[in-house]
Amino acid sequence: MVSAKVKETLSKVLFTAAAIICIVAVVTIFVFIVAKSIPALSKIGVFDFIFGDVWRPDKEDVYDQAINGKYGILPMIVGSIFSTVGAIIVGGVLGFFTAVFLARFSSPKVKKIFGTVINLLAGIPSVVYGFFGMYVMIPLFSGISPTADGSGLLVTSLVLGIMILPTVVALSKTSLEAVPQSYYEGARALGARHEQAVFRTVVPAAKSGITASVILGVGRAIGETMAVIMIAGNSPEYPDGLFGSFRTLTANIVLEMGYAGEVQMGALLSTGVILLIFIAIINLLFGLVMSDRKQHGSGRRHLREIKYDFSKAGKVLSWVTAGIVAVVLVLIIGFVFIKGIPHITPQLLFSDYKYGGEPSIGPAIVATLMLIVISILIAVPLGIATAVYLNEYTRRGSRMVKIVRSAIDVLSGIPSIVYGLFGALTFVVWFGNTTSILAGGFTVSIMLLPVVVRSTEESLKSVPDSFREGSLALGAGKVRTIFKVVLPSALPGIFSAIILAVGRVVSETAPLIWTMGSVIQPMPTGFLGGGATLAVALYALSNEYRYMNEAYATACVLMIIVLALNTAAGIIAYRLQRKLQGEKNVKRKKRY
Amino acid sequence: MLKEKKDTDVGRKNGTETNVKKAPFGNSISVKRADLFYGDFHALKNISIEIPSNRITAFIGPSGCGKSTFLKCFNRMNDLVEGCRISGEFRIGDVDIYSDATDVNELRKNVGMVFQKPNPFPMSVYDNIAYGPRTFGVRKRSQLDEIVERSLTQAAMWDELKDRLNKSALGLSGGQQQRLCIARALAVQPQIILMDEPTSALDPISTGKIEDLCSQLKEQVTVVIVTHNMQQAVRISDKTAFFLLGDLVEYGDTEKMFTMPHDKRTEDYITGRFG
Ligand SMILES: Nc1ncnc2c1ncn2[C@@H]1O[C@H](COP(=O)(O)OP(=O)(O)OP(=O)(O)O)[C@@H](O)[C@H]1O
Ligand SMILES: [Mg+2]
């Protein structure tokens, strides 16, 4: 029997260690990527790298010889910026008007259903979006493309626009709803019509929140990898018109990582650095807008009088965009389901795969499960312990909390392909120099940390202090209070966090391709063996036009799993909450 | 009585370090020259008081005068407040509770506390009561059963609750929850129970039940109760202490204090002229 004091100290050490691991992870990733990019940058020359417009790598290039290849990434920088701007034009506009519609024009019922569906959209794996773009939108645009090939900037912008829609809608809607009702009522009292009050008073008051939502969308678009490589064309050139083939920074990394020579790999790492700089700038802007918002309150700032009254047009646009978004939603989900469901066969799902034989996703399902086990085993205990440390062991506002929290923020902002790059050069090397489920699991678990830490912290915060006081006042120590009272009360939140994390593992593709495996393989033999997850299998199948039906079926399975997980997360959280809150009738009394 | 003896016997058998080191806490409280600061704010000013055992002592005074703060000194709940500094001598029985040798958890076992808002844990009634005993190493179901029954009986709610021991405590009414919290505190057989406005969130009937309960309890424990309700102080307490802006203005027998207060400020307060 360990004495109480030892137990307390030991626990504190463990919780602190978890938090420190999070900091170490961030620092390691940054230092690693930057340090490893320096030799290549000095060989190529920073200026030639950033402003060079020819990318023609040479596998034979090594650091101690003159290089023959050319490594200029300006076309990719331009490609990333163009496609992101395109995405913002599409997703920002659609998202803004949809948010206005949901916040101020729709009936509560429509709002609830529509809102839920849009949230589901956020959970759909990016490889499914890419698949949709590849199989539905590109053929659609091929008719009007001068090259008879629909891929390129236009399709990429549209797909990315749809992908950032949930981000833009969610935050914009929240800030529109946060505008004090008195503003709206004040405008109405002066004789303004509903839409005038909304567009001339409420919207301007929510401006900073809406701006912030768009900035978040920019971050998401610029970091996206899989959807882009499936539809952009990928030639390392400046985008030439709406249908010109182009390549983004993220695509550059994932496309060449698997077979890069020495200098080339350095150039890819440098591409990662450029990407991180972009993300840092975006985060900085976001921070500025948000702190501005806090200082001025969401609406107390002086509102500029708007000269022209667009409110009528705005109202029409809100309805129209909401309609468009609804149609697109139904289209994406419906199309994949209709085309996919008939081809979900036992043969596809459950049989093993033989090289050269008919494709089967049985092995992919097993590999996905194994990946889930590894990454959850690592990320969940670490994440929960970090959250406990942040919420139970530190003073609010202490420096350590700030450091850990910014580490978590940074982790959640890093584009997934950068994790892939890091994992491929570390975990893959550690675990036998070959792609493996273990390497993939380690890579993904770092990405999961922010998800787990944040939602666990949220639910720990929602545990009333009176529970803690009650336990301490009975003579229970801190550890007992945490394990017997605080964590059990926070369980619903923690549970749904875990399920969300599982959903994330199922959806990820980019970081796994070069850490775990990129082609469909037979049943995994163990954690040290490789394998393709379902999402990766979908990517692999999409590239082989011979197996369209199987690809549709896989996309469908993937979507069903993710949607089921998201729904389950909601239901479990709700059920447990109810159970914890006592008998049913009590709950009912409170609610009605 | 017989039952109680048995429980302590069992406690010893199960004993680990916690019981071996058991400090001889008594059930009277003695405070000498206590000062308390929250950061720069001087919340308690040079307070000395002797609280007798097996009596009910009421703390009264206007909002913000430091009643809760003072109460929380007795079970060191103030340790949890950042920037809180305490000086002076606090003794329970003969034990200096702020000395390094004192085990805080052991202290809190002996000095139970009931809060203003009922705070049952989100567990069953049974597990709520068993929480304290389990904390101190009681594991056997039969012992726990006994403790639960004894504590609920002591809190006069065994008949009410014996059929719903496995239901969530959060499903109880506010008054029941508060009495459950008292039973929960009683389960570890404390010598002293601190109550911070235990009835201020309750209806009059529940309040009455809790007041009756306090009067019964004083045979076994010392009760210190903070209250805003002057009538309540008169009804149940033996001694009353009146606080104002961090000072202990007057302390004495309740009856005397409410009929013949020494201090003008006490008189103003109990006759409702301020506060
Ligand atoms: N954690 C804290 N930090 C700083 N100041 C505090 C803290 N807790 C209490 N105070 C201050 O100490 C003084 C005494 O507070 P306390 O809660 O003890 O008053 P009280 O007499 O119990 O009042 P009430 O009747 O409203 O419960 C108040 O002025 C309060 O603002
Ligand atoms: Mg108080």
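Residues numbered from 1 in each chain as written. Chains lettered and ligands numbered in written order. Predicted model: local features only at pLDDT ≥ 70, side-chain atom pairs only at ≥ 80, totals over all residues. Heavy atoms only, no water.

### A short note on the interface of chain A and chain B
To be explicit about the condition: Throughout, a contact is declared for two residues whenever any of their heavy atoms are within 4.5 Å. Accessible-area loss on putting two parts together, using a 1.4 Å probe and summing over both, is the definition of buried area adopted here. Salt bridges are counted wherever a side-chain nitrogen of Lys or Arg sits within 4 Å of a carboxyl oxygen of Asp or Glu. Nitrogen and oxygen atoms within 3.5 Å of one another constitute a polar contact, given that in protein one can donate a hydrogen and the other can accept it, and given that sequence-neighbouring residues count only through two side-chain atoms. Each helix is a run of H or I in the DSSP string that is no shorter than four residues. Each strand is a run of E no shorter than two, and both are numbered from the N terminus.
In this assembly, 25 residues from chain A lie in contact with 29 residues from chain B. Of the roughly 2200 Å² buried at the junction of chain A and chain B (both faces included), carbon and sulfur atoms supply 63%. Here chain A and chain B share 0 salt bridges between them. Here chain A and chain B share 4 residue pairs in polar contact (both at pLDDT 80 or more) between them. Elements with a minimum of two residues in the side of chain A that touches chain B: helix H20 (465–473) and helix H21 (478–489) of chain A.

### Overview of helix H11 (residues 249–256) of chain A
We apply this condition: Throughout, exposure labels follow a simple rule: accessible area from a 1.4 Å probe, protein chains only, divided by the maximum for the residue type, with under 20% read as buried, over 50% as exposed, and the rest as partly exposed.
Taking burial as the measure, the 8 residues of H11 of chain A include 7 buried ones, the bulk of the element. Restricting attention to buried positions, one finds in H11 of chain A the residues Leu249, Thr250, Ala251, Asn252, Ile253, Val254 and Glu256 of chain A.

### Details of the sheet that holds strand E9 (residues 239–244) of chain B
Residue and element names in this part refer to chain B. Keep this limit in mind: A pair of strands counts as paired when DSSP detects no fewer than two bridges linking them. In this analysis an axis means a line fitted to C-alpha atoms, helices contributing only their contacting stretch, and an angle means the value between N-to-C directions, from 0 to 180 degrees.
If you walk across this open sheet you meet the 6 strands as E6-E7-E8-E3-E9-E10, and the pairing is mixed. What marks the edges here is a single partner per strand, and that holds for strand E6 (111–114) and strand E10 (247–253). Taking the axes of each pair of neighbouring strands and ignoring which way they run, one obtains an average angle of 15 degrees across the sheet. Here strand E3 (residues 56–60) pairs with E9 via 4 bridges, running parallel. Following the sheet pairing, Phe59 is matched in E9 by Ala241. With respect to the sheet, helix H8 (residues 174–186) is in contact with E6 and strand E7 (192–196), its orientation differing from that of E6 by roughly 170 degrees.

### With respect to the environment of Glu185 of chain A
On the secondary structure map, Glu185 of chain A appears in helix H7 (residues 181–189). Between the alpha carbons of Glu185 of chain A and Ala197 of chain A there is a distance of 8.1 Å; along the sequence they are 12 residues apart.

### Some points on the site of ligand 1
All names here are of chain B. This is how it is decided: Any residue with at least one heavy atom within 4 Å of a molecule or strand is counted as near it. Each residue receives one of three labels: charged for Asp, Glu, Lys and Arg, nonpolar for Ala, Val, Leu, Ile, Met, Phe, Trp, Tyr, Cys and Pro, and polar for the others, Gly being one of them.
Close to ligand 1 lie Tyr38, Phe41, Ser63, Gly64, Cys65, Gly66, Lys67, Ser68, Thr69, Val81, Glu197 and His228. Note that an oxygen atom of ligand 1 is positioned 2.8 Å from one of the backbone N or O atoms of Gly64. The leading source of residues in the shell around ligand 1 is helix H3 (residues 67–73), at 3 residues. Considering only residue class, the shell around ligand 1 consists of 4 nonpolar, 6 polar and 2 charged.

### Focus: the state of the cysteines
Just so we agree on the cut-off: The term disulfide is used for any two cysteine sulfur atoms that are within 2.5 Å.
Using the criterion set out here, one finds 0 disulfides over all chains in the structure. There is no disulfide at Cys73 of chain B, and the cysteine sulfur nearest it, in Cys84 of chain B, is 6.7 Å away.

### Quick word on the sheet that holds strand E4 (residues 84–93) of chain B
All names here are of chain B. Taken together, 4 strands build an open sheet; the order of strands is E2-E1-E4-E5 and the sheet is antiparallel. Edge positions in the sheet fall to strand E2 (41–51) and strand E5 (95–96), since each has one partner strand and no second. Examined bridge by bridge, E4 and E5 share 2 bridges and lie antiparallel to one another. By the bridge assignment for E5, Arg91 is matched with Asp96.

### Looking at the packing of aromatic side chains
Note the threshold: Note on aromatic contacts: the rings of Phe and Tyr and the six-membered ring of Trp form a pair at centre separations within 6.5 Å, being stacked when their planes are under 30 degrees apart, edge-to-face when over 60 apart, and tilted otherwise. Working rule: Lys NZ or Arg CZ, within 6 Å of ring centre, within 35 degrees of ring normal, means a charge sits over the ring.
The final tally for this structure, using the stated rule, is 31 aromatic pairs over all chains. A centroid spacing of 4.9 Å and a plane angle of 65 degrees characterise the contact between Phe96 of chain A and Phe97 of chain A, whose relative ring orientation is edge-to-face. Accessibility classification places Phe96 of chain A together with Phe97 of chain A in one group, the buried group. Grouped by ring-pair contacts, the aromatic residues Phe32, Phe422, Phe427, Trp430, Phe431 and Phe442 of chain A constitute a single cluster. The ring of Phe136 of chain B has Lys109 of chain B lying over it, and the distance from NZ or CZ to the ring centre is 5.1 Å.

### Some remarks on the nonpolar core
Put simply, the rule is: Residue types Ala, Val, Leu, Ile, Met, Phe, Trp, Tyr and Cys, when buried and joined through side-chain atoms within 4.5 Å, form a set referred to as a nonpolar core.
Of all hydrophobic cores here, the largest spans 199 residues; its most connected members are Ile33, Tyr129 and Leu176 of chain A. Of all the elements, helix H15 (residues 362–392) of chain A adds the most residues to this core, at 16 residues. Apart from residues lying up to four places away in sequence, Leu176 of chain A is in contact with Ala99, Val100, Ala103, Arg104, Val202, Val203, Ala206 and Ile210 of chain A. Judged by nonpolar contacts, the second largest core, of 46 residues, contains Val138, Leu144, Ala155 and Phe242 of chain B.

### Structural notes on a nonpolar patch on the surface
All names here are of chain A. Operational definition: The patches described consist of residues with a relative accessible area above 30% and no salt bridge, like charges being joined within 9 Å and nonpolar side chains (Val, Leu, Ile, Met, Phe, Trp, Tyr) within 5 Å. Here the Shrake-Rupley method, with its probe set to 1.4 Å, supplies the accessible areas, and only the displayed protein chains count as covering residues.
On the surface, a nonpolar cluster with roughly 430 Å² of combined accessible area is contributed by Ile81, Phe82, Val85, Ile89 and Val93. Relative to the elements of secondary structure, Phe82 occurs in helix H3 (residues 74–105). Residue classification places Phe82 among the partly exposed residues on the basis of a relative accessible area of 40%.

### Comments concerning the confidence of the model for chain B
Residue and element names in this part refer to chain B. Short version of the rule: The quantity called pLDDT is the predictor's confidence in a given residue, expressed from 0 to 100.
Confidence in the prediction for chain B averages 87 pLDDT; 90% of positions are at 70 or higher. Here residues 1–23 scores under 50 on pLDDT; set against residues more than four positions off or in separate chains, the count is 22 contacts. Interface scoring of the predicted complex returns ipTM 0.82; its pTM is 0.84.

### Brief notes about the side chain of Thr57 of chain B
The residue Thr57 of chain B is located in strand E3 in this model. Contacts of Thr57 of chain B, omitting those with residues within four sequence positions, involve Ile51, Pro52, Val223, Val224, Ile225, Lys239 and Tyr251 of chain B.

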